[in-house]
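Here is how the chains run, residue by residue.
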Amino acid sequence: MHRILQVLDIRISKIFLLLQILLWIFHDTAADFVVTAPPEPVVVAVGRDVVLDCQLVPAKDLGRMEIRWISKFGYASPVHMYKNGMEDLTHQPPEYRDRTELFLDQIGRGNLSLKLRNVRVSDKDVYKCFVAFASKHDEVKITLNVAGTGQQPQIGMEGYTSDGVKLGCRSARWFPQPPVRWVNGKGESVTGQSQTQYEGDAQGLLAVQSFIEVSRQSSNEYACVIDNKDLKEMREAHIRIADVFFPHASGWMVAFWVLFFLVLAAFGFVFWFYRKLQSKIQGLEKSSGLLETEKAAIKAEHEQFKAEVDKEKAADAAKYQKLHTEFEQWRPLVLSEWKRIESYAAAVKIDPWTANASLTVSPDGLTVKGGETLQVPDNPERFDSVPYALGEGAFTEGTHYWVVQVANKTYWDVGVANASVQRKGMPNLCSDAGFWTLGRDGEPHGISDPNRSRIKVTDKPQKIGVFLELEAGRVSFYNADTMFHLYTFNANFSDKVYPFFWPGWDDAPLSVCPVKN
């Protein structure tokens, strides 16, 4: 069937060309030439070159012919113009500057085609090939569709749910908006359970991210497939997860210890009540008028209570064992994810050239602390009013991880900053101003969102892990000792990104630590 349709398309194109020629042959004297072009839309990938085919039948005298390629900018601002035997680009829109050309050596043979180089998303349009000769003119329309097949998707765990995990699939540089399909290991589509978002960039291309929640009863293999239907291309990524899905390790750890202490409390209560009953029995036995029936009733009450407590204790012990077994099953997957993060270890040093005069950076560039004001040059890169410092060397792409020791400090902030952040005067330590940080301001821990929101931290971190994913637009913070996830920013890194350090007001240092892998 597909082959038959191809043959029909070819025949229709030939018939169309024949009709155009016949139209020219029988045309009256008001228009003795015809401008022709293939009727099908032209599809081209972003960044490629394309030729918009236009032919003049019959060919005309070059010296008296005017050719205009017209787009959405109108007749007065042609994409490309040929007039009086030469090209005239005086009114060409800036968007097309240095990207268009005609086949000058073939115009005399009727080839008026336009070559457009390095195609952009904004080039998608309906173009007119307009020809004027003497007092006559003719034109034909060509539709240009632009498409872009994006980067290879990245798929991985995004977080934990009460009954499993959340998977995320990300890719950038797509156009037009591509559909995202999720397929499980059985080949079944589970796209209906997913949520997909799109975000455009400065070039008009789209970044796509799709999320799906996977329960412990689901398949353990998943594929994320992104299609470009215009170019008939696709990208896909696969992931395989351990058979037992898991919730967030830290939350289950809390439940584990809560149940553990409840069991201990139950044991203590049983022991206390048992001793109380024993004391009561002994006191009654010593009483002169104690009746045997009363003793039997008290003993029966004691035995009944003991049986109920033993039953509850056995149930609690079974729950404890089940939770412990599940925790041990989750551990390998958590460690595997942590090993992946640590595999992106980056060699980060603190740049003294950016440090405020009140900060001292160690000669090896691994430690910064507050102290006496130093005599330093007032260069443009230095923070002149606040005790901030940046890392040496900027990150422009890729994924990076480093660890900063914050032990014994009451005030501190670590994270990343755009290269363009304000360095003179009093900058606002906020994500809107190009700072994405996590820190401590006395007792609470907070993040650098516009509200300086507090976050819940179960253990006071000694070391903070910073995980930067530039292409994904994320920076995450972890307790580097316990693998506990603290917070993740979703950001649009439009500039170079530097590590950021604020050692606070005390003289305890912030130190960059080697990553344990």
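All figures in this text were calculated on a predicted structure; none of them were measured in a lab. (Residues numbered from 1 in each chain as written. Predicted model: local features only at pLDDT ≥ 70, side-chain atom pairs only at ≥ 80, totals over all residues. Heavy atoms only, no water.)

Student: Go over the pattern of salt bridges with me, naming the residues and quoting the values.
Tutor: As enumerated under the stated definition, the model contains 14 salt bridges in all. A salt bridge links K306 to D310; the shortest N-O distance between them is 3.2 Å. Placement of both K306 and D310 in helix α3 (residues 292-342) is noted, with a separation of four residues, approximately one turn of the helix. Overall, the relative accessible area of 36% leaves K306 in the partly exposed class. The class for D310 is partly exposed, based on a relative accessible area of 29%. Linked by salt bridges that have partners in common, E158, R170, E469 and R474 make up one network. (Salt bridge = Lys/Arg side-chain N within 4 Å of Asp/Glu carboxyl O. Helix = DSSP H or I, 4+ residues; strand = E, 2+ residues; numbered from the N terminus. Buried < 20%, exposed > 50% of the residue type's maximum accessible area, 1.4 Å probe, protein only.)

Student: An account of the sheet that holds strand β6 (residues 80-83) is needed here, citing residue identities and associated values.
Tutor: Sheet architecture is open: six strands sit in the order β2-β11-β10-β5-β6-β7, paired in mixed fashion. If you trace the sheet from one side to the other, it starts and ends with β2 (42-45) and β7 (86-87), each paired once. Bridge count between strand β10 (residues 125-133) and strand β11 (residues 136-147): nine bridges; the pairing is antiparallel. Looking at the pairing, D125 lines up with L144 of β11. (Pairing = 2+ DSSP bridges.)

Student: I'd like to hear about the nonpolar core, residue by residue, with values.
Tutor: Grouped together as the largest cluster of nonpolar side chains are 34 residues, with contacts concentrated most on I464, L468, V475 and F493. I464 has contacts with W402, V403, V404, V406, W412, V414, L438, F477, Y478, A480 and L486, leaving out every residue within four places of it along the chain. Judged by nonpolar contacts, the second largest core, of 28 residues, contains F33, V50, L112 and V131. (Core = buried A, V, L, I, M, F, W, Y, C linked by side-chain atoms within 4.5 Å. Contact = heavy atoms within 4.5 Å.)

Student: Just give me the short version of the pairing of strand β13 (residues 164-174), but keep the residues and values in it.
Tutor: With nine of 11 residues buried, β13 is to be regarded as a mostly interior element. With seven bridges connecting them, strand β12 (residues 154-161) and β13 associate as antiparallel partners. Paired with G156 across the two strands is G168, which belongs to β13. From the end of β12 to the start of β13, which pair antiparallel, there are two residues. Bridging between β13 and strand β16 (residues 206-215) involves nine bridges; their strand directions are antiparallel. Along β16, the bridge assignment pairs G164 with S215.

Student: Break down the packing of aromatic side chains for me, citing the residues and quoting the values.
Tutor: Counted according to the given criterion, the structure contains 15 aromatic pairs. Between F477 and F489, the ring centres sit 6.4 Å apart and the planes meet at 80 degrees, which makes this aromatic pair edge-to-face. Placement of the pair is F477 in strand β28 (residues 474-479) and F489 in strand β29 (residues 484-490), with a sequence separation of 12 residues. The buried category is assigned to F477, whose relative accessible area is 0%. Pairing Y487 with F489 gives two aromatic rings, centres 5.0 Å apart and planes at 75 degrees, and the pair type is edge-to-face. Across from the ring centre of F211, 4.8 Å away, lies the NZ or CZ of K166, which sits over that ring. (Phe/Tyr/Trp six-rings, centres within 6.5 Å; stacked < 30°, edge-to-face > 60°. Lys NZ or Arg CZ within 6 Å of the ring centre and 35° of its normal.)

Student: So what's going on with unusual backbone geometry? Which residues, and what values?
Tutor: Cis geometry is found at the peptide bond from V57 to P58, where omega equals -5 degrees. Assignment of secondary structure puts P58 in the loop between β4 (55-57) and β5 (65-70). For the bond from F175 to P176, the omega torsion is -10 degrees, close enough to zero to count as cis. Residue position: P176 is located in the loop between β13 and β14 (180-184). Residues other than glycine seldom take positive phi values, yet D98 does so here, at roughly 65 degrees. For N118, which is not a glycine, the phi torsion comes out positive at approximately 45 degrees. As for its position among the elements, N118 is in the loop between β9 (114-116) and β10.

Student: Tell me about the state of the cysteines, and name the residues and values.
Tutor: Taken as a whole and assessed by the stated rule, the structure comprises two disulfides. Through a disulfide, C54 is tied to C129; the S-S separation comes to 2.1 Å. Torsion about the S-S bond of the C54 and C129 cystine: about -80 degrees, corresponding to left-handed handedness. Of this pair, C54 sits in the loop between β3 (50-52) and β4 while C129 sits in strand β10; the two residues are 75 residues apart in sequence, bridging distant segments of the chain. The same class applies to C54 as to C129, namely buried. Residue C169 pairs covalently with C224 via a disulfide, S to S 2.1 Å. Between C169 and C224, the S-S dihedral sits near -80 degrees, and the bridge is therefore left-handed. Of this pair, C169 sits in strand β13 while C224 sits in strand β17 (residues 221-228), and the two are 55 residues apart along the sequence. Of the two residues, C169 and C224, both sit in the buried class. Counting only the cysteines that form disulfides, in the order they appear in the protein chain, gives the pairing 1-2, 3-4. (Disulfide = S-S within 2.5 Å.)

So, to be careful, I would describe these as geometric facts and stop short of saying anything about function.
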